[in-house]
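This is what each chain is made of:
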Amino acid sequence: MFGDLMGMMGKLKETREKVEATKKRLDHVSLEENSSDGLIKVTITANRTIKEVAIDQTLLEDKEQLEDYLVLTINKAIAKATAVHEAELAAVAKEGMPNIPGMDNLF
């Protein structure tokens, strides 16, 4: 009924290994996000680890403005990293799924 069950299990194991390898690779994919005026730059990995925050000297004089800039820019960076992360993992998962009727519409 399901064809080669052992073959499907092997394919699932292979996919799980590819997903883990992709997660490790995403640790080395860097993304940058800048504030709208370029006064703050955030560097983040596709696994959502912040690597660097660069702040223009002019923002150091206004604590409240700096905090606002940081929150906005970091949130944009996290959203960008999340989109890359999810797209990469979905591509690997879809590629590795065994051919089960009705499952192709899930991804």
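Cut-offs and rules
- Residues numbered from 1 in each chain as written.
- Predicted model: local features only at pLDDT ≥ 70, side-chain atom pairs only at ≥ 80, totals over all residues.
- Heavy atoms only, no water.
- Helix = DSSP H or I, 4+ residues; strand = E, 2+ residues; numbered from the N terminus.
- Buried < 20%, exposed > 50% of the residue type's maximum accessible area, 1.4 Å probe, protein only.
- Contact = heavy atoms within 4.5 Å.
- Areas by Shrake-Rupley, 256 points an atom, 1.4 Å probe, with all protein chains shown as cover.
- Core = buried A, V, L, I, M, F, W, Y, C linked by side-chain atoms within 4.5 Å.
- Pairing = 2+ DSSP bridges.
- Salt bridge = Lys/Arg side-chain N within 4 Å of Asp/Glu carboxyl O.
- Axes fitted to C-alpha atoms, helices over the stretch in contact; angles between N-to-C directions.

Peer 1: Quick question: what am I supposed to make of the overall build of the chain here?
Peer 2: Helix and strand counts for the chain stand at two helices and three strands. Tracing the chain from N to C terminus, the helices and strands come up as α-β-β-β-α. Sorting the 107 residues of the chain into buried and exposed places 27% on the buried side. Within the chain, residue pairs in contact and separated by at least 24 positions form 51% of the contacts whose partners lie at least 6 positions apart. Counting every atom, the chain has about 7400 Å² of accessible surface; 56% of that belongs to carbon and sulfur.

Peer 1: Can you help me understand the nonpolar core in this one?
Peer 2: Nonpolar side chains in soluble globular proteins generally cluster together in the buried interior. Counting 10 residues, the largest nonpolar core consists of Leu31, Leu39, Ile40, Val42, Ile44, Leu59, Leu66, Tyr69, Ala77 and Ala81. Take this core: its biggest share by element is four residues, from helix α2 (residues 63–96).

Peer 1: Got a minute to help me understand the pairing of strand β3 (residues 50–55) in this structure?
Peer 2: On a regular strand, each side chain points to the face opposite its neighbour's, so the side chains alternate between the two faces of the sheet. Sheet topology places strand β2 (residues 40–45) next to β3; five bridges connect them, and they run antiparallel. If you follow Lys41 over to β3, its bridge partner there is Ala54. Counting the residues between successive antiparallel strands, the hairpin from β2 to β3 contains four residues, one of them, Arg48, with a positive phi of roughly 65°.

Peer 1: Explain the side chain of Thr73 to me, please; I cannot follow it from the model alone.
Peer 2: Note on placement: Thr73 falls in helix α2. Residue classification places Thr73 among the buried residues on the basis of a relative accessible area of 2%. If we ignore the near neighbours within four places in the chain, the residues touching Thr73 are Glu33, Asn34, Ser35, Ile40 and Val42.

Peer 1: Before we go on, may I ask you to explain the environment of Gly38 in this structure?
Peer 2: Positionally, Gly38 belongs in the loop between β1 (30–34) and β2. For the pair formed by Gly38 and Ala54, sequence separation is 16 residues and the distance between their alpha carbons is 9.9 Å.

Peer 1: Help me out: how do you make sense of the pattern of salt bridges in this one?
Peer 2: Side-chain pairs of opposite charge can arise where the charged atoms are in close proximity. One pass over the full model with this rule turns up eight salt bridges. Among the ionic pairs, Lys41 bridges to Glu32, the shortest N-O distance being 3.7 Å. You can call Lys41 partly exposed: its relative accessible area is 26%. Glu33 serves as the salt-bridge partner of Lys76, at 3.5 Å between the closest nitrogen and oxygen. With a gap of 43 residues between them, Lys76 in helix α2 and Glu33 in strand β1 connect regions that are remote in the sequence.

Peer 1: Explain the sheet that holds β1 here, please?
Peer 2: By definition, the strands of a sheet pair up through backbone hydrogen bonds, in either a parallel or an antiparallel sense. Taken in spatial order, the three strands make up an open sheet running β1-β2-β3, and their pairing is antiparallel. Here the strands that pair on one side only, and so sit at the sheet edges, are β1 and β3. Here the average twist between neighbouring strands, direction ignored, is 15°.

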